[in-house]
Amino acid sequence: MALLVTGGAGFIGSNFVLDWLAQSDEPVVNLDKLTYAGNMENLAALAGDARHVFVQGDVCDRSLIDHLLATHRPRAIVHFAAESHVDRSIHGPGEFMRTNIDGTFTLLEAARAHWSSLNEAEARQFRFHHVSTDEVYGSLAPDDPPFTETSPYQPNSPYSASKAASDHLVRAWRHTYRLPVTISNCSNNYGPFHFPEKLIPLVITNALAGKPLPIYGDGLQVRDWLYVTDHCSAIRRILEAGQPGEVYNVGGWNEMTNIEIVTTILRLLEELRPDPAGSYARLITYVADRPGHDRRYAIDARKIERELGWRPAEVFATGVRKTVEWYLANQEWVGRVTSGEYRQWLDCNYGDRK
Ligand code: NAD
Ligand code: DAU
């Protein structure tokens, strides 16, 4: 038995692979293109571990996927691989359409062919789990109830539109071909190995470097934050007990405004590594808003709790402390991922923002 994981060198995928192999001896075949967001260093703890088979490749490459399915005969595919950053999707949506839509289509077709070739017992056990996002549901007003699994799809960014399209493909492959799929729509993750283009690691790394902390618009946008290992445990639980064709919303019951997130991080930094120049708050800089910026996301995670008994183990206060401590202890990792291409991205995204 084995799992085929796509995007397992990225932020959530690498946490998932590390967690999986910490709790199980079932091998993982990890297919990742190693884009700017993929990093083998995240998986360094698995060097020499025969349970982890890493393959550098593209989810759009059908013959490679056919070959991996025929060789390793996984009992499940867990599909993380995606372009994941909303701001990058605004600057250049093309790669989002290719990886997130074409890539998911390619994987579904390969999975369907593989699944059709299995014997009855293997076919019954097989799962295709698609990792998706709460952003497909659009934006909430302050008093709206949180998103449920039946909320209408109203994606607003090229990223969320591409993820919505991929969710629709997965749903259709269930409805038409009976492929045993599950989908999870999760809120904002944070934790170790989070690429510093995203808010939480950006604030930690910029503050430590004495650089401005860019807050889009008024900073009062709301997100629901979930510690990454809780997302991993939710996916493990869905693989274990999720029903084919079902969608599960995953969240942390932790809505916070962006400015609250930033000030919480700065308070922790003041405690653990005080600002040599006075106070980190001096670095907060309000900048032009993200075009089309969604105001609020919130997840109703009662279905996965009721049906699968999953709840997050971490609360924000403990999760964010672990996260800040991890970044303080892993400054070399930060130094390596923020060199090269990342500098060009900072110029592109923040250079012209007033
Ligand atoms: P990430 O950007 O950190 O990692 C993406 C990984 O996919 C990288 O390792 C990259 O090399 C790989 N990849 C990209 N294009 C590929 C391709 N064509 N073929 C093979 N591999 C490719 O992303 P993440 O934050 O870890 O997100 C993982 C998944 O979870 C995504 O599907 C994302 O939509 C979803 N998600 C993320 C969050 C979040 O807060 N980060 C929340 C909910 C859902
Ligand atoms: O909700 C789930 C989604 O969460 C995932 O599907 C995405 O892959 C993931 O990137 C994340 O999307 P967001 O756009 O919410 O995350 P990001 O960290 O980019 O931004 C969080 C909030 O912070 C958002 O309101 C924009 C704001 N922000 C972000 C950056 C990078 C700033 O104010 N300044 C910044 O410099």
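A brief look at the structure comes next. (Residues numbered from 1 in each chain as written. Chains lettered and ligands numbered in written order. Predicted model: local features only at pLDDT ≥ 70, side-chain atom pairs only at ≥ 80, totals over all residues. Heavy atoms only, no water.)

**What to know about the site of ligand 1**
- Surveying the vicinity of ligand 1 reveals 29 residues, the closest of which are I12, D32, S84, Y159 and K163.
- A distance of 2.9 Å separates an oxygen atom of ligand 1 from a polar backbone atom of N189.
- Burial of ligand 1 by the protein amounts to 97% of the accessible area it has alone, namely 840 Å².
- Listed by contribution, the elements that provide at least two residues to the shell around ligand 1 are α1 (11–23), α4 (94–116), β5 (127–133), α6 (158–177) and β7 (188–190).
- Counting residues per element, the shell around ligand 1 draws most heavily on β5, which supplies three residues.
- Across the shell around ligand 1, the residue classes break down as twelve nonpolar, twelve polar and five charged. (Near = heavy atom within 4 Å. Polar contact = N/O pair within 3.5 Å; in protein donor to acceptor, adjacent residues only side chain to side chain. Areas by Shrake-Rupley, 256 points an atom, 1.4 Å probe, with all protein chains shown as cover. Helix = DSSP H or I, 4+ residues; strand = E, 2+ residues; numbered from the N terminus. Nonpolar A, V, L, I, M, F, W, Y, C, P; charged D, E, K, R; others polar.)

**A few points about the pairing of strand β4 (residues 76–79)**
- Residues of β4 alternate between two faces, with A76 and V78 on one and I77 and H79 on the opposite face, all of them buried.
- The pairing of strand β1 (residues 3–6) with β4 spans four bridges and is parallel. Residue pairing across strands places L4 opposite I77, the latter belonging to β4.
- Relative to β5, β4 runs parallel, the two sharing four bridges. Residue pairing for β5: I77 is matched across the bridge by F128. (Buried < 20%, exposed > 50% of the residue type's maximum accessible area, 1.4 Å probe, protein only. Pairing = 2+ DSSP bridges.)

**Thoughts on the packing of helix α9 (residues 258–272) against helix α11 (residues 316–329)**
- As a packed pair, α9 and α11 sit with axes 10 Å apart at the nearest point and diverge in direction by 55°. By the angle between their directions, the pair α9 and α11 is classed as oblique. The chirality of how α9 crosses α11 is right-handed. Between α9 and α11, the contacting residues are I261, T264, I265, L268, L269, E271 and L272 on the first element and F316, V320, R321, V324, E325 and L328 on the second.
- For the contact of α9 with α11, the residue count by class is nine nonpolar, one polar and three charged. (Axes fitted to C-alpha atoms, helices over the stretch in contact; angles between N-to-C directions. Parallel < 35°, antiparallel > 145°, perpendicular 65-115°, else oblique. Left-handed = near helix turned anticlockwise from the far one by under 90°. Contact = heavy atoms within 4.5 Å.)

**Here's the deal with the sheet that holds strand β11 (residues 255–257)**
- Pairing is mixed across the open sheet formed by three strands, whose spatial order is β7-β9-β11. Each edge of the sheet is formed by a strand with only one pairing partner; in this case those strands are β7 and β11. Each adjacent strand pair in this sheet contributes to an overall mean axis angle of 50°, direction not counted.
- By the bridge criterion, three bridges tie strand β9 (residues 222–227) to β11 in an arrangement that is antiparallel. Residue pairing for β11: R223 is matched across the bridge by M256.

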